[in-house]
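Summary of structural features
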Amino acid sequence: KVGAFYSSFMDEKSVNAAGIRPLDPLLADVKAAKTREALAALMGRANGDLEASLFGFFVDVDLKDPKHYALYVGQSGLGLPDRDYYMKPDFLAQKGAYQSYVAKLLGLIGWPNASAAVNQVVDFETKVATASWSKAEQRDPVKVYNPMSVAELAKLAPGFDWKGFF
């Protein structure tokens, strides 16, 4: 299986011939998601695929009760490595290069009105980055440990379809 996977990866002729067609079903799902609920469900599904989402989740040993497992939910979904890349002037060059990268990707997949979408994507990610925790906050074991039910999570973060996401 590893050999077959490697061979398929190295088969540039077939990859180039396929173009973006293998992505068509995924792009169709994104374009079809017209409501917040549909987007939440799509983002939840992305955790099982190899796609990105605003939130990531995983199961691990409960930090305060090692006899049980817990579902952990955390921030995810930024295209740049860290929130500082969106907010600090030191990273303006990197943010500009990222905008060019997003423009290229949207152009390659034939996204409608790609030039306007670039600004929408980067502006949205900047808003997400502004609301995100810093790396230090993400490593704080006290701050990140907040056990709650899905109903409690919905009260903490209203306006997002957590049930559909999970």
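It should be noted that the structure appears before, not after, this text.
Keep in mind the model is a prediction, meaning the values are calculated, not measured. Per chain, residues are indexed from 1 in the order of the written sequence. Confidence filtering applies because this is a predicted model: local features only for residues at pLDDT of at least 70, side-chain atom pairs given and counted only at 80 or more, and all residues used for totals across whole chains, interfaces and linings. Side-chain numbers here rest on the full set of heavy atoms in the structure, without hydrogens or water.

Some details on the nonpolar core
- Here, nonpolar core refers to any group of buried Ala, Val, Leu, Ile, Met, Phe, Trp, Tyr and Cys residues whose side-chain atoms link them within 4.5 Å. Relative accessibility thresholds used throughout: buried, under 20% of the residue-type maximum; exposed, over 50%; partly exposed, between the two (1.4 Å probe, protein chains only). Counting residues in hydrophobic clusters, the biggest one holds ten residues: L80, Y86, Y98, V102, L106, A114, A117, V118, V122 and A129.
- Sorting the residues of this core by element identifies α6 (92-108) and α7 (114-131) as the ones contributing at least two each.
- Among the elements that make up this core, the one with the highest residue count is α7 (five residues).
- Counting residues in each nonpolar core, the second largest holds eight residues, with A40, M43, V128 and F160 among its members. Strands are runs of DSSP state E lasting at least two residues, helices are runs of H or I lasting at least four, and both sets are numbered from the N terminus onward.

Brief notes about the side chain of D62
- Among the secondary structure elements, D62 is positioned in strand β1 (residues 55-62).
- Neither His nor the chain ends contribute to the count of charged residues, in which Lys and Arg are positive and Asp and Glu negative. When a carboxyl oxygen of Asp or Glu is within 4 Å of a side-chain nitrogen of Lys or Arg, the pair counts as a salt bridge. One buried charged residue, D62, remains without a salt bridge, the closest side chain of opposite sign being K64 at 7.9 Å.
- Only heavy atoms enter the contact rule, under which two residues are in contact if any of them lie within 4.5 Å. If sequence neighbours within four positions are ignored, D62 has contacts with H68, Y69, A70, Y72 and Y145.

Section: the pattern of salt bridges
- Tallying each qualifying case throughout the model produces three salt bridges.
- With its nearest N and O atoms 2.8 Å apart, the salt bridge here joins R45 to D29. Taken together, the residues R45 in helix α4 (residues 36-46) and D29 in helix α3 (residues 24-32) connect sequence positions 16 residues apart.
- By relative accessible area, which is 38% here, R45 ends up partly exposed.
- Measuring nitrogen to oxygen at the nearest pair gives 2.9 Å for the salt bridge that ties K143 to E137.
- In this structure K143 comes out as partly exposed when scored by relative accessible area, which is 31%.

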